[in-house]
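# Observations on the three-dimensional arrangement
The lines below spell out each chain.
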Amino acid sequence: AIAVCVYGNREWDDTLTELQDSLIELGFVFAGAVAAVAEHSIFRQFAAGRPDKDDANELAEFARKITEKLNSGVFSKLNLAGSHGSYKKLANIPFKPEANDSCDKCGICAAGCPVGAIDKADPRKTDKDRCISCMRCQYICPKHARDLDPAFMQVAAEKMAPKLGGHKKNYLFL
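Residues numbered from 1 in each chain as written. Predicted model: local features only at pLDDT ≥ 70, side-chain atom pairs only at ≥ 80, totals over all residues. Heavy atoms only, no water.

The subject of this paragraph is the sheet that holds strand β1 (residues 2–7). If you trace the 3 strands from one edge of the open sheet to the other, you get β1-β2-β5, paired in mixed fashion. Looking at which strands have only one partner, the edges of the open sheet turn out to be β1 and β5 (171–173). For this sheet, the mean inter-axis angle between neighbouring strands, taken without regard to orientation, is 10 degrees. As defined by bridge partners, β1 adjoins strand β2 (residues 32–37) across 6 bridges and the pair is classed as parallel. Bridge assignment links A3 to a residue of β2, and that residue is A33. Contacts from helix α1 (residues 15–25) reach β1, β2 and β5, with the element oriented near 155 degrees to β1. The strands that helix α2 (residues 53–72) touches are β1, β2 and β5; relative to β2, the one it contacts most, it runs at about 170 degrees. (Pairing = 2+ DSSP bridges. Helix = DSSP H or I, 4+ residues; strand = E, 2+ residues; numbered from the N terminus. Axes fitted to C-alpha atoms, helices over the stretch in contact; angles between N-to-C directions. Contact = heavy atoms within 4.5 Å.)

Right, here's the structure in full:
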């Protein structure tokens with residue numbers, strides 16, 4: 001198995017170690033891992049345009065090397081940074097998109113929600129306890145009818161800028 005996570009120019013925390021541990025527990029041979037940068041899902045100004053051409057080249061080279069490794073059949077233990085077995089609990093993230101007056105209840109957001117947090121019978125309703133703040137609903141809505149409070153977003157973006165700014169790297173593990 002090859003674990004892949006995408007991170008929005010902040011940190012990938014324990015994501016790869018959680019995936020590694022889960023895959024090994026399920027009986028997979030763990031061959032490699034990637035933590036790749038992409039545009040932040042909430043604050044789109046951070047890592048805008050990522051993955052870019054350089055990322056594509058770097059990931060293509062990783063794909064070539066991991067293919068060679070898979071074809072060789074030789075796998076050594078990969079030691080990924082992170083805390084195996086004592087993972088961080090997610091805080092209640094306040095970034096939960098809500099339907100605005102443009103919502104026509106088409107249901108595209110409800111159908112596309114990966115955790116079923118949007119009511120299929122009434123897509124204007126969101127279960128904030130189930131919502132994981134992935135922003136998929138906001139991204140796929142053809143009416144742009146799901147959003148976050150703009151004033152709150154401005155303040156939050158300014159506060160997050162030191163952590164989310166700059167050019168972060170991809171992490172590739174063979």
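With that settled, the discussion passes to the pairing of β2. Within β2, 6 of the 6 residues are buried, which leaves it mostly tucked inside the rest of the structure. Burial along β2 is two-sided: G32, V34 and A36 facing one way and A33, A35 and V37 facing the other are all buried. Taken together, β1, α1 and β2 form a β-α-β motif whose crossover is right-handed. Judged from the 3 bridges that link them, β2 and β5 form a sheet pairing that is antiparallel. When the sheet's bridge partners are listed, V34 is paired in β5 with L172. (Buried < 20%, exposed > 50% of the residue type's maximum accessible area, 1.4 Å probe, protein only. Right-handed = clockwise from strand over helix to strand, strands pointing away.)

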